[in-house]
Amino acid sequence: MAELLSDEEIRTQLPDEWEQEGDEIARTYAFDDYLAGVSFATQVGEVAEEEFHHPEIRIGYEEVEVRLTSHEEGGITEKDIRLANLFDSEY
Ligand SMILES: C[C@H](O)[C@H](O)[C@H]1CNC2=NC(N)=NC(=O)C2=N1
């Protein structure tokens, strides 16, 4: 089981464009068209499955919101930071 990160650790490790919102970290990605967002959401899902750590994904018009938390630990861990960086690499 991973350790919960302190707010200071989260602040220093959070990738650019990501925000901490309580026990979650979140980012909204922008796209030129709806289907580009749908395709990105699929890529995010594939990475999540490979890592077996799963975000909430909201697909909107020309945007995709991704939210991460570590459910078993009840907060934000290094798994969430790792996945945020991996998702950014897909963008
Ligand atoms: C049993 C538990 O759901 C699994 O071990 C995995 C699946 N994906 C997961 N995803 C996230 N975000 N948090 C978890 O704690 C988690 N646990």
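Computed from a predicted model, the values in this text were never measured in an experiment.

Asks: Could you give an account of a negative patch on the surface, naming the residues involved and the relevant values?
Replies: Together, Glu-46, Glu-49, Glu-50 and Glu-90 make up a negatively charged patch on the protein surface. Examining the composition of the negative patch, we find that three residues originate from one element, helix α2 (residues 34-51), more than from any other. Within the fold, Glu-50 resides in helix α2. Since its relative accessible area comes to 64%, Glu-50 is described here as exposed.

Asks: Can you tell me about the site of the ligand, naming the residues and giving the values?
Replies: Lining the immediate surroundings of the ligand are Phe-52, His-53, His-54, Thr-69, Ser-70, His-71 and Glu-72. A distance of 2.8 Å is found between a nitrogen atom of the ligand and a side-chain nitrogen or oxygen belonging to His-54. Here Thr-69 contributes a backbone N or O atom positioned 2.7 Å from a nitrogen atom of the ligand. Protein chains bury 67% of the 390 Å² of accessible surface belonging to the ligand in isolation. A class-by-class count of the residues in the shell around the ligand yields one nonpolar, five polar and one charged.

Asks: Can you explain the packing of α2 against helix α3 (residues 78-90)? Please cite residues and give values.
Replies: One can describe the packing of α2 onto α3 by two numbers: an axis separation of 10 Å at closest approach and a directional angle of 140°. One way to sum up the angle between α2 and α3 is to call them oblique. When the axes of α2 and α3 are compared, the crossing they make is right-handed. Contacts between α2 and α3 involve Phe-40, Gln-43, Val-44, Val-47, Ala-48 and Glu-51 from the former and Arg-82, Leu-83, Leu-86, Phe-87 and Glu-90 from the latter.

Asks: Before we move on, could you go through unusual backbone geometry and cite the residues and values that matter?
Replies: In this structure, Glu-17 is a non-glycine residue whose phi angle is positive, near 80°. Tracing the backbone shows Glu-17 in the loop between α1 (7-13) and β1 (19-21).

Asks: Which residues make up the environment of Gly-45, and what are the values?
Replies: Relative to the elements of secondary structure, Gly-45 occurs in helix α2. Judged by its relative accessible area of 29%, Gly-45 is partly exposed. As for Gly-45 and Glu-56, which are separated by eleven residues in sequence, their C-alpha atoms are 9.5 Å apart.

Asks: Talk me through the sheet that holds strand β4 (residues 63-68); I want residue IDs and the actual numbers.
Replies: Taken in spatial order, the four strands make up an open sheet running β1-β2-β4-β3, and their pairing is antiparallel. Of all the strands in the sheet, the pair left with one neighbour each is β1 and β3 (56-60). Sheet twist, expressed as the average angle between the axes of neighbouring strands with direction ignored, equals 25°. By the bridge criterion, five bridges tie β3 to β4 in an arrangement that is antiparallel. Following the sheet pairing, Ile-57 is matched in β4 by Val-66. Strands β2 (24-30) and β4 of the sheet are contacted by α3, whose axis makes an angle of about 5° with β2.

Rules and cut-offs
Residues numbered from 1 in each chain as written. Predicted model: local features only at pLDDT ≥ 70, side-chain atom pairs only at ≥ 80, totals over all residues. Heavy atoms only, no water. Patch = residues over 30% accessible without salt bridge, like charges linked within 9 Å, V, L, I, M, F, W, Y side chains within 5 Å. Areas by Shrake-Rupley, 256 points an atom, 1.4 Å probe, with all protein chains shown as cover. Salt bridge = Lys/Arg side-chain N within 4 Å of Asp/Glu carboxyl O. Lys, Arg positive; Asp, Glu negative; His and termini not counted. Charge placed at Lys NZ, Arg CZ, Asp CG, Glu CD. Helix = DSSP H or I, 4+ residues; strand = E, 2+ residues; numbered from the N terminus. Buried < 20%, exposed > 50% of the residue type's maximum accessible area, 1.4 Å probe, protein only. Near = heavy atom within 4 Å. Polar contact = N/O pair within 3.5 Å; in protein donor to acceptor, adjacent residues only side chain to side chain. Nonpolar A, V, L, I, M, F, W, Y, C, P; charged D, E, K, R; others polar. Axes fitted to C-alpha atoms, helices over the stretch in contact; angles between N-to-C directions. Parallel < 35°, antiparallel > 145°, perpendicular 65-115°, else oblique. Left-handed = near helix turned anticlockwise from the far one by under 90°. Contact = heavy atoms within 4.5 Å. Pairing = 2+ DSSP bridges.

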